[in-house]
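Listed below are the residues making up each chain.
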Amino acid sequence: MTFRNTGGTAVRSGEVTFGTHIIGALGVDWATIKSTVALPAPIGPGAKREGAWTVCVDAWRVPLGMRVETRDVWVDWG
């Protein structure tokens with residue numbers, strides 16, 4: 001994932017929150033599990049930073065025939 005700072009000041013800290021959805025065999029969205037990690041900061045003005053994370057979900061949350069999809073990403077920076 002690439003984060004680009006289009007502002008005029010450095011981003012010094014922040015968090016990235018992922019919304020991982022538990023999808024049933026018929027396509028029903030049963031639950032959304034949120035996980036939060038630190039933003040790869042600092043990011044200077046006009047600069048970009050890349051980061052990659054593994055999102056884990058407890059096996060008991062995903063019964064046989066269901067799948068997980070990370071569909072939502074929120075960023076909160078300071």
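Criteria and thresholds
- Residues numbered from 1 in each chain as written.
- Predicted model: local features only at pLDDT ≥ 70, side-chain atom pairs only at ≥ 80, totals over all residues.
- Heavy atoms only, no water.
- pLDDT = per-residue confidence, 0-100.
- Helix = DSSP H or I, 4+ residues; strand = E, 2+ residues; numbered from the N terminus.
- Core = buried A, V, L, I, M, F, W, Y, C linked by side-chain atoms within 4.5 Å.
- Buried < 20%, exposed > 50% of the residue type's maximum accessible area, 1.4 Å probe, protein only.
- Contact = heavy atoms within 4.5 Å.
- Phe/Tyr/Trp six-rings, centres within 6.5 Å; stacked < 30°, edge-to-face > 60°.
- Lys NZ or Arg CZ within 6 Å of the ring centre and 35° of its normal.
- Polar contact = N/O pair within 3.5 Å; in protein donor to acceptor, adjacent residues only side chain to side chain.

Caption draft 1: Broad picture of the confidence of the model for the protein chain. Of the residues in the protein chain, 99% reach a pLDDT of 70 or more, and the chain-wide mean stands at 93. Mean pLDDT in the protein chain bottoms out at strand β5 (residues 67–77), which sits at 93, and peaks at strand β2 (residues 14–23), which reaches 96.

Caption draft 2: Here's a closer look at the nonpolar core. Core analysis: the biggest nonpolar cluster contains six residues, these being Phe 3, Val 11, Val 16, Phe 18, Leu 39 and Ile 43. When sequence neighbours within four positions are dropped, the list of residues in contact with Val 16 reads Phe 3, Ser 35, Thr 36, Val 37, Leu 39, Trp 53, Val 73, Trp 74 and Val 75.

Caption draft 3: Spatial organisation of the packing of aromatic side chains. Enumeration over the complete set of coordinates arrives at two aromatic pairs. When the ring of Phe 3 is compared with that of Trp 53, the centres are 6.0 Å apart and the planes differ by 70°; the resulting orientation is edge-to-face. Within this pair, whereas Phe 3 is found in strand β1 (residues 2–4), its partner Trp 53 is found in the loop between β4 (48–50) and β5, the two being separated by 50 residues in sequence. Since its relative accessible area comes to 9%, Phe 3 is described here as buried. Judged by its relative accessible area of 28%, Trp 53 falls in the partly exposed class. Connected via pairs of aromatic rings, a cluster forms that spans Phe 3, Phe 18 and Trp 53. Stacked on the ring of Trp 74, the Lys or Arg Lys 34 has its end atom at 5.0 Å from the ring centre.

Caption draft 4: Broad picture of the side chain of Thr 20. In this structure, Thr 20 sits in strand β2. Thr 20 gets classed as buried once you look at its relative accessible area, which sits at 2%. Of the polar contacts made by the side chain of Thr 20, one reaches the side chain of Thr 70; its length is 3.0 Å. Setting aside anything within four residues of it in sequence, one finds Thr 20 in contact with Ala 31, Thr 32, Ile 33, Val 55, Val 57, Val 68, Glu 69 and Thr 70.

Caption draft 5: Quick look at the side chain of His 21. Locating His 21 in the fold gives a position in strand β2. A distance of 2.6 Å separates a polar atom in the side chain of His 21 from a polar atom in the side chain of Asp 72.

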